[in-house]
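# Descriptive structure summary
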Amino acid sequence: MRKVYLDYSATTPVKEEVVHEMLPYFTEKFGNASSIHGFGQEAKRSLEQARATVAKTMHAAPDTIYFTAGGSESDNWALKGVMSANKSKGNHIITTKIEHHAILHTCEALEKEGAEVTYMEVDEYGLVTPEALEAAMRPNTVLVSIMFINNEIGTMQPIKALSEVAHKHGALFHTDAVQAYGNVDIDVNAYGIDLMSVSSHKIYGPKGVGALYIKKGVRIHNLIEGGAQEKKRRAGTENISGIMGFAKAAELAYANLESHIAHLTKLRDQLLKGILENVDFVKHNGHPTLRHPGNVNVCFEFIEGEALLLSLNAKGIAGSSGSACTSGSLDPSHVLLAIGLPHEIAHGSLRLTIGDFTTEEDVNYTVEALKEVVQKLRMMSPLYDKIRGGQK
Amino acid sequence: MYTEIVMDHFMNPRNVGEIENADGIGEVGNVKCGDIMRIYIKVEDEKIIDIKFKTFGCGSAIAASSVATEIIMGLSIEEALKVTNKQVVDALGGLPPVKIHCSVLAEQALKAAIYDYATKNGKTYAGLEGFDPHDDHDHHDVVEIEF
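These numbers were taken from a predicted model, which means no experiment stands behind them. For every chain, the first residue of the written sequence is number 1, and numbering continues from 1 onward in sequence order. Chain letters and ligand numbers both follow the written order, the letters beginning at A and the numbers at 1. Residues qualify for local features only when their pLDDT is at least 70, as the model is predicted, and side-chain atom pairs are given and counted only at 80 or more; totals for whole chains, interfaces and linings, by contrast, use all residues. To obtain the side-chain values, all non-hydrogen atoms of the structure were used and water was disregarded.

By the criteria applied, helices consist of DSSP H or I runs no shorter than four residues and strands consist of E runs no shorter than two, each listed in order from the N terminus. If you tally the helices and strands in chain A, you get 16 helices and twelve strands. Against the 2.2 N^0.38 benchmark of 21 Å for 392 residues, chain A shows a C-alpha radius of gyration of 22 Å, consistent with a compact globule. Dimensions of chain A, computed from the C-alpha atoms along their principal axes, are close to 80 × 50 × 35 Å. Here's how the labels work: a residue is buried when its accessible area is under 20% of the maximum for its type, exposed when over 50%, partly exposed in between, all with a 1.4 Å probe on protein chains only. Looking at chain A residue by residue over its 392 residues, the buried ones come to 59%. Contact definition: two residues touch when any of their heavy atoms are within 4.5 Å. Sequence separation of 24 or more characterises 73% of the internal contacts of chain A that already satisfy a separation of 6 or more. Computed with a 1.4 Å probe, the accessible areas rest on the Shrake-Rupley method; for each residue, only the protein chains presented here act as cover. For chain A, the exposed surface amounts to about 15,500 Å²; the carbon and sulfur share of it is 54%. The centroid of the 39 positive side-chain charges in chain A is displaced by 2 Å from the centroid of its 46 negative side-chain charges. The size measure is the radius of gyration over C-alpha atoms, and the globule rule it meets is 2.2 Å times the number of residues to the 0.38 power. The charge count includes Lys and Arg as positive and Asp and Glu as negative, but it does not include His or the ends of the chains. Charge positions are represented by NZ for Lys, CZ for Arg, CG for Asp and CD for Glu.

Spelled out as structure tokens, the structure:
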């Protein structure tokens, strides 16, 4: 059976060049970068090269990059570390209702410790406006954290305009760029970013590694205490093989950014067009143009997302959904509800995310499969026959 | 996450559709929660001679509807009213804890269909005592789990 992976926003396969880069660091160059001997120093040199490589992809200086265990740690560190280190300025954070749980749950944890959090509304496309942020700013606002690209609906925020508002009021600006990094050319200075979370496994690197960009001069406390690694800011023996893989993946992503974006955008538009032309009662979610180059998010009315995913999986197609049944909670995704979708529509959501290894045949096969699967589920649905009844 | 039996009933559901001039129709659940189940029954001599379903919901909701119709087909009304959600779960080889409510929904949909039949025909059944088809029972009273 054909296998079609359309869940690149969940994770990506590690590219062969990346694996190749990592392998010596398991067996030969395995030294602890803190050791004084040759093994250690070799690892240390590689580590600093990796840091310089990753820094370059963000147009940043190497000493602003701190390696972490991934996006969630970076998000936790940015929020908890900044709030803890800037208590004299205040205790207010502004974020949005559509953030990843690594941000939302960290904010909830901070609230329990006395922080005040504003969760901004978004419009029907998932956009936050600079005007709305302006209105939410307070004298005691320490940090504004707004994701660069939403992981579910793919909407891209006007980061530059938003960071300007934060700075105007003396607040720091953090962005969770886990979905944007490797899909958009991010110049941290041009965008006015003070802290930025990124992850390796979304850009064809290994899992369990990421980074936090911290602009020079930003006051932040440690999240992980221990040894003197990462300039005493993030303890723990460096995951050298992971970091080398991450740096290689970042290097490849930035060397091929233009062709990557062109490939994804073409297939994304083709997939969306195919769906909209072949299936009725479909709603496209997210912004029509300001979006992730590989993200298609649609709701199929009258059917439920998990049933759709299982049916697609039976045809070898891997996607994801924001339905309640797949979220592990009783409500559909907080993102779909935040853009104003009613529960019954949100239950029928499907996210398909395209990547470097997706082909035109994959897209055509998926459109054909969707036509069949959606129809089959609708024929079983009591909601669909009410509609058909109404049309008779 | 699902047993092979669940997947089989989901991929090849039995008795899907509707019965024209059904003797009883029951519908439970709501769109907000993401599952609605509708069951049609044809009754002859107090026996369910045909049963069909339509379901909006996840894989286990569809599988539970399907297996419930298999269990019920051919039973007398009195026997059908004794069918429990546990029988539905067992017939499926088990369901994940968060999906147990799908089997409850199947039991409730059947009861609602029999209630409809009983109301139309002026009949009463002991097994329907206390059953209110319009009661929006909280079938979603399940533990929230993290994946």
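When helices and strands are tallied, chain B shows five helices and three strands. Written out in order from the N terminus, the α and β elements of chain B read α-β-β-β-α-α-α-α. Over its C-alpha atoms chain B spans a radius of gyration of 14 Å, differing by no more than 12% from the 15 Å that the globule rule assigns to 147 residues. If you line up chain B on its principal axes, its C-alpha atoms span 50 × 30 × 25 Å. Counting the 147 residues in chain B, one finds 52% classified as buried. Contacts in chain B between residues far apart in sequence, at least 24 positions, make up 60% of those at least 6 positions apart. Counting every atom, chain B has about 6,700 Å² of accessible surface; 49% of that belongs to carbon and sulfur.

Turning to the interface of chain B and chain A, a few remarks are in order. Taken together, the contact pairs 30 residues of chain B with 27 residues of chain A. The quantity reported as buried area is the accessible area (1.4 Å probe) lost by two parts once they are put together, taken as the sum for both. When the area that chain B buries against chain A is broken down by residue, the three leading residues are Lys32, Lys54 and Phe56 of chain B, summing to 24%. Criterion for a salt bridge: a side-chain nitrogen of Lys or Arg within 4 Å of a carboxyl oxygen of Asp or Glu. The tally of links from chain B across to chain A stands at three salt bridges. The salt bridge involving arginine 38 of chain B is made with aspartate 385 of chain A; its shortest N-O contact spans 3.2 Å.

Residue and element names in this part refer to chain A. Any two rings among Phe, Tyr and Trp, with Trp reduced to its six-membered ring, count as a pair given centres within 6.5 Å; such a pair is stacked if its planes are under 30 degrees apart, edge-to-face if over 60, and tilted if neither. The tally for this structure, following the rule as stated, stands at twelve aromatic pairs over all chains. With 5.2 Å between their ring centres and 75° between their planes, phenylalanine 148 and tyrosine 191 make a pair best called edge-to-face. Here the residue phenylalanine 148 occupies a position in the loop between strand 5 (141-145) and helix 7 (159-168), and tyrosine 191 occupies one in the loop between strand 6 (172-176) and strand 7 (195-199), the gap between them amounting to 43 residues. We classify phenylalanine 148 as buried; its relative accessible area is 0%. Accessibility expressed as a relative area gives 23% for tyrosine 191, which makes it partly exposed. When the centroid spacing of 5.1 Å and the interplanar angle of 70° are considered together, the rings of phenylalanine 281 and phenylalanine 302 count as edge-to-face. Here the residue phenylalanine 281 occupies a position in the loop between helix 10 (257-278) and strand 9 (282-284), and phenylalanine 302 occupies one in the loop between strand 10 (295-300) and helix 11 (305-314), the gap between them amounting to 21 residues.

To continue, consider the nonpolar core. By size, the foremost hydrophobic cluster in this structure holds 70 residues, and its most contacted members are Phe300 and Leu308 of chain A together with Ile114 of chain B. By residue number, the principal contributor to this core is helix 5 (residues 100-121) of chain B, which donates ten residues. Discounting residues that sit within four places of it in the chain, leucine 308 of chain A has contacts with Phe300, Ile303, Leu350, Leu370, Val373, Val374 and Leu377 of chain A. Put simply, a nonpolar core is a bunch of buried Ala, Val, Leu, Ile, Met, Phe, Trp, Tyr and Cys residues held in one set by side-chain atoms that sit within 4.5 Å of each other. Grouped together as the second largest cluster of nonpolar side chains are 65 residues, Ile98, Ala211, Cys299 and Val335 of chain A included.

Backbone hydrogen bonds hold the strands of a sheet together, and the pairing may be parallel or antiparallel. All names here are of chain A. Pairing between strands is defined by DSSP: at least two bridges between them are needed. Spatially, 9-10-12 is the arrangement adopted by the three strands of the open sheet, whose pairing is antiparallel. Edge positions in the sheet fall to strand 9 and strand 12 (349-353), since each of these pairs with one other strand and no more. Taken pair by pair, the neighbouring strands of this sheet meet at an average axis angle of 25°, ignoring direction. One ladder, built from five bridges, connects strand 10 with strand 12; its direction is antiparallel. The partner of valine 298 across the bridge, within strand 12, is leucine 350. Fitted lines through C-alpha atoms give the axes, limited to the stretch in contact for helices. The angle between two N-to-C directions lies from 0 to 180 degrees.

With that settled, consider empty space enclosed by the protein. Cavity and pocket criteria rest on a 1 Å grid covering protein atoms alone: a 1.4 Å probe that fits but cannot get out defines a cavity, protein on both sides within 12 Å along at least 5 of 7 lines defines an open pocket, and an atom within 4 Å of a point defines a lining residue. Grid points are joined across faces, edges and corners, and a volume is the space filled by probe spheres set on the points. Here the structure, examined in full by the defined rule, presents two cavities of 30 Å³ or more. Here the largest cavity is characterised by a volume of approximately 80 Å³. In this count, Pro and Cys sit with the nonpolar residues alongside Ala, Val, Leu, Ile, Met, Phe, Trp and Tyr, while Asp, Glu, Lys and Arg are called charged and the others, Gly among them, polar. Broken down by class, the residue content of the lining of the largest cavity amounts to five nonpolar, eight polar and one charged. A volume near 40 Å³ is recorded for the second largest cavity. Forming the walls of the second largest cavity are Phe302, Ile303, Glu304, Ala307, Leu377 and Ser381 of chain A together with Thr55, Phe56, Gly57 and Ile62 of chain B. The class makeup of the residues in the lining of the second largest cavity is six nonpolar, three polar and one charged.

Looking along a regular strand, one sees the side chains alternate between the two faces of the sheet. All names here are of chain A. Alignment of strand 3 (residues 92-96) against strand 4 (residues 116-120), held across five bridges, turns out to be parallel. The partner of isoleucine 93 across the bridge, within strand 4, is valine 117. For crossovers, right-handed means that the path from the first strand over the helix to the second runs clockwise, given strands pointing away from the viewer. Taking the sense of rotation as the criterion, the β-α-β connection linking strand 3, helix 5 (residues 101-112) and strand 4 turns out right-handed.

Turning next to unusual backbone geometry. Trans is the common state for peptide bonds, and a negative phi is the common state for residues other than glycine. In this structure, lysine 231 of chain A takes a positive phi of about 50° despite not being glycine. Relative to the assigned elements, lysine 231 of chain A resides in helix 8 (residues 229-232).

With that settled, the discussion passes to the environment of asparagine 278 of chain A. Residues and elements named next belong to chain A. If you trace the backbone, asparagine 278 turns up in helix 10. Exposure remark for asparagine 278: the relative accessible area of 38% places this residue in the partly exposed category. Taking the C-alpha atoms as reference points, asparagine 278 and valine 367, separated by 89 residues in sequence, lie 7.7 Å from one another. Excluding its chain neighbours within four sequence positions, the residues that come into contact with asparagine 278 are Val367 and Lys371. There is a polar contact of 2.7 Å between the side chain of asparagine 278 and the backbone oxygen of glycine 274. Polar contact is the term for a pair of N or O atoms within 3.5 Å; when the atoms are in protein, one must be able to donate a hydrogen and the other to accept it, and sequence-neighboring residues count only if both atoms are side-chain atoms.

Residues and elements named next belong to chain A. Along the chain, the position of lysine 168 falls in helix 7. Residues lysine 168 and methionine 137, spaced 31 residues apart in sequence, show a C-alpha to C-alpha distance of 9.7 Å. Here the side chain of lysine 168 touches glutamate 134 through a polar contact of 2.9 Å, side chain to side chain.

To continue, consider helix 7 of chain A. Residues and elements named next belong to chain A. Buried within helix 7 we find Ile159, Leu162, Ser163, Val165 and Ala166. Considered in projection along helix 7, the buried side chains sweep an arc of 155° and stay on one side of the axis. At its buried positions, helix 7 is contacted by helix 6 (130-136), strand 5 and strand 6. Residue glycine 170 follows helix 7 closely and has a positive phi angle near 75°. This arc describes the spread of directions from the helix axis toward the C-beta atoms.

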